[in-house]
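Spelled out from the first residue to the last, the chains are:
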Amino acid sequence: MTVAHTSPNQMAHAVNRAGAILTVDLTAIAENWKTIAARVAPAECAAVVKANAYGLGIDHVAPALWQAGARTFFVAHLQEAITLRALLPEAVIYVLNGLLPGSAFEFSAHDLRPVLGSLPEIGEWSAQCRATGLDQPAALHVDTGMHRLGLSLEEAAHIAQERAALRFTPSLVMSHLACADTPGHKLTPLQQERFAQVAQQFSGIRASLANSAGTQLDARYHFDLVRPGILLYGGRAIDETMPLHPVVRLNAPVIQVRTAAAGETVGYGASERLKRDSRLAVVHIGYADGLFRAAGSSDARKGAQVVLDGTLCPLVGRISMDLATVDITDLPEDAVARGMTAEFLGASIGVDDLAEKAGTISYEVLTSLGGRYQRRYLGD
Ligand SMILES: *Cc1c(COP(=O)(O)O)cnc(C)c1O
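Here is a short report on the structure shown in this document. Owing to the predicted nature of the structure, the values given are computational and were not obtained by experimental measurement.

1. Side note on the overall build of the chain
Secondary structure assignment for the chain yields twelve helices and 19 strands. With respect to the three principal axes, the spread of C-alpha positions in the chain is 80 × 45 × 35 Å. Burial analysis of the chain (380 residues in total) assigns 52% to the buried set. Across the chain, contacts joining residues at least 24 apart in sequence account for 67% of those joining residues at least 6 apart. Accessible area for the chain stands at about 17100 Å²; split by element, carbon and sulfur atoms hold 51% of it.

2. Considerations on unusual backbone geometry
The omega angle of the peptide bond from alanine 41 to proline 42 is 10 degrees, so this bond is cis rather than trans. The backbone of aspartate 309 shows a phi angle near 55 degrees, a positive value even though the residue is not glycine. For aspartate 309, the location among the structural elements is in the loop between strand S15 (305-308) and strand S16 (311-314). Residue aspartate 309 is classed as partly exposed on the basis of its relative accessible area of 40%.

3. Details of helix H7 (residues 119-132)
For H7, built from 14 residues, the straight-helix expectation of 20 Å at 1.5 Å per residue is met to within 8% by its first-to-last C-alpha distance of 20 Å. Every buried residue belonging to H7 is among Glu121, Ile122, Trp125, Ser126, Gln128 and Cys129, and all of these are buried. Viewed along the axis of H7, the buried residues span an arc of 160 degrees, placing them on a single side of the element. Pointing more than 90 degrees away from the buried face of H7 are the exposed residues Pro120 and Ala131. Taken together, the buried residues of H7 touch helix H6 (104-109), strand S6 (113-116), strand S7 (139-141) and helix H8 (153-161). Downstream of H7 by one or two residues, glycine 133 has phi in the positive range, about 75 degrees.

4. Concerning the side chain of glutamate 121
Summarising the element assignment, glutamate 121 is placed in helix H7. Despite its burial, glutamate 121 remains without a salt bridge, the nearest opposite charge being carried by arginine 148 at 12 Å. Leaving out residues up to four positions away in the same chain, glutamate 121 has contacts with Asn97, Gly98, Leu99, Val115 and Leu116.

5. Remarks on the pairing of strand S14 (residues 278-283)
Of all the six residues making up S14, six are buried; the element is thus mostly covered by neighbouring parts of the structure. Residues Ser278, Leu280 and Val282 line one face of S14 and the alternating positions Arg279, Ala281 and Val283 line the opposite face, and both faces are buried. Pairing of strand S11 (residues 248-260) with S14 involves six bridges; the strand directions are antiparallel. Among the inter-strand pairings, valine 254 is bridged to a residue of S14, identified as valine 283. For S14 and strand S17 (residues 324-327), the ladder comprises four bridges, and the chain directions are antiparallel.

Criteria and thresholds
Residues numbered from 1 in each chain as written. Predicted model: local features only at pLDDT ≥ 70, side-chain atom pairs only at ≥ 80, totals over all residues. Heavy atoms only, no water. Helix = DSSP H or I, 4+ residues; strand = E, 2+ residues; numbered from the N terminus. Buried < 20%, exposed > 50% of the residue type's maximum accessible area, 1.4 Å probe, protein only. Contact = heavy atoms within 4.5 Å. Areas by Shrake-Rupley, 256 points an atom, 1.4 Å probe, with all protein chains shown as cover. Expected span 1.5 Å × (residues − 1). Arc of directions from axis to C-beta. Lys, Arg positive; Asp, Glu negative; His and termini not counted. Salt bridge = Lys/Arg side-chain N within 4 Å of Asp/Glu carboxyl O. Pairing = 2+ DSSP bridges.

Given below as structure tokens:
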């Protein structure tokens, strides 16, 4: 359920019912898109909204991006594309994972563009266009070093030479960077060089190489169109001078405040032994909500932090399925009361901060956000 405008009272009420509230700031997403678009102009800035807009809700996020000015969208699956088509009748929609056998007619019927990454896919799309008599555009994906999807460089060169034999006009030739978020990685310039040659072979067709991290590299990486995802949703930029906004806030209520004596242990496995008499707040959120169990703490390792009463406090012990425990010993005695909300993501804890504590990446934090949250959209 979505609550568009909530008073603090209503919000407290909703928190009590749902356990935790995920707030998604659509205005921040729109602003982030505009910032990237300005950075890469005159290249076009598309938007990647696969996996339900990185877990944030494609039915809210995609219209907000359209309003901001985005016209080209990328999803991973055909089903995601059909959902998106209903939301955005006029958008250009590419499907990154391409054609599965027998699915070409559905792409055609919904005016979707497959990203073709193999010769059999190109054959199927050609056959589809022959059958309908329509020249329906598709993208060609060329592998420049990631070895995931895409035509080999040799296959691409061959297709480029035989372009006239295709039954469709490719609308985009693209590749994907494997290491653009690792500054100085030597694969990145190598991929750029290889892709520049591919783009030349397909002259007259628009070219696209950059994901979010690629938008932050110099203009040689931008070509005609860039495909940011994570930066739109509050992932940390490698260029930290770029003013991007946090997008998600995750709040969960305190169920109990309790004490435990020095030497006692907290949580499953008794993995953490208290070094001092402690006050603990038990919070209504757990790994079933996407709060990774690996973000818990043990004697050996510091876990994630949460904001309570305006202060960063550490998690203590393991994270359970539906509960997490916070050490509030350093806060004033009555600072935390039952029903108060703790913040797990927000202005002072970014998705990358939480990801680091769990030994993962911001992408996985976002796409793992649970289905139990009350979702609230700002700027809808
Ligand atoms: C997911 C994806 C993107 C977006 O990547 P970010 O790192 O989130 O910007 C771009 N291109 C392709 C091919 C992708 O799979």
